[in-house]
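Observations on chain architecture
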Amino acid sequence: MKYIYFLKAGENHYKVGIASNVNSRVSGIQTSNPVHIDIVATKLVNDAEQVESNIHKALKEMRVDGGGTEWFQLTPSQAIEVAILINKNPEIDISDRITMDAIVRQQKWSQKIINKKLDQVINVYQKHPLVKQ
């Protein structure tokens, strides 16, 4: 399995590729690119080569001259569509991860509420006249 990645360089230049280690790949690309590169989307997939090929075929009209086969000039809405396409790839179900993230956020929020209530109770208790200080 490899990662399919979607990178952004500058205002409207995007790269779609595959790598075993996306951070290492971005570092390598960044050394030869004067413009800062950001990771827009990345996903671990079984058949990364096929997914990459399909995206390249869909974007062939947007290829940047001199940018090889992986750099494309996209509008913001086109870039969003590519990011959605990568994340909706049916090979990996991310719904469990999304569910777990939501549960963790809810637990953290609940813990903050509980801590506030406990602080209020402790404060009232410590100020009660029958409590020895």
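The structure this text deals with has already been given above.
The sections below set out a description of the structure shown in this document.

Scoring rules and cut-offs
Residues numbered from 1 in each chain as written. Predicted model: local features only at pLDDT ≥ 70, side-chain atom pairs only at ≥ 80, totals over all residues. Heavy atoms only, no water. Buried < 20%, exposed > 50% of the residue type's maximum accessible area, 1.4 Å probe, protein only. Helix = DSSP H or I, 4+ residues; strand = E, 2+ residues; numbered from the N terminus. Arc of directions from axis to C-beta. Contact = heavy atoms within 4.5 Å. Polar contact = N/O pair within 3.5 Å; in protein donor to acceptor, adjacent residues only side chain to side chain. Phe/Tyr/Trp six-rings, centres within 6.5 Å; stacked < 30°, edge-to-face > 60°. Expected span 1.5 Å × (residues − 1).

1. What about helix 1 (residues 22–31)?
For helix 1, every residue scored as buried is listed here: Val22, Val26 and Ile29. Within helix 1, the buried residues cover an arc of 65° as seen down the axis, which keeps them to one side. Opposite the buried face of helix 1, by more than 90 degrees, sit the exposed residues Asn23 and Thr31. Where helix 1 is buried, its residues contact strand 1 (2–9), strand 2 (13–19), strand 3 (37–45) and strand 4 (71–73). Residue Asn21 occupies the N-cap position of helix 1, its side-chain oxygen lying 3.2 Å from the main-chain nitrogen of Asn23.

2. Details of the environment of Ile4
Considering the arrangement of structural elements, one finds Ile4 in strand 1. Look at Ile4 and you get buried, because its relative accessible area is 0%. Each C-alpha atom, one on Ile4 and one on Asn87, is 9.8 Å from the other, the two residues being 83 residues apart in sequence.

3. Looking at the side chain of Lys43
In this structure, Lys43 sits in strand 3. Reaching out from Lys43, the side chain makes a polar contact with the backbone oxygen of Asn87 at a distance of 2.7 Å.

4. Focus on the packing of aromatic side chains
The tally for this structure, following the rule as stated, stands at one aromatic pair. Considering the side-chain rings of Phe6 and Tyr14, the 5.2 Å spacing of their centres and the 20° angle between planes classify their relative orientation as stacked. The same class applies to Phe6 as to Tyr14, namely buried.

5. Here we look at helix 3 (residues 76–87)
For helix 3, which comprises 12 residues, the first-to-last C-alpha distance of 17 Å matches the rise-based estimate of 16 Å (1.5 Å per residue) to within 8%. Taken as a whole, helix 3 has its buried residues at Ala79, Val82, Ala83 and Ile86. Down the axis of helix 3, the smallest arc covering the buried residues is 100°, so these residues share one side. The outward face of helix 3, more than 90 degrees from its buried face, is lined by the exposed residues Ile80 and Glu81. Elements that come into contact with the buried residues of helix 3 comprise strand 1, strand 2, strand 3 and helix 2 (48–58).

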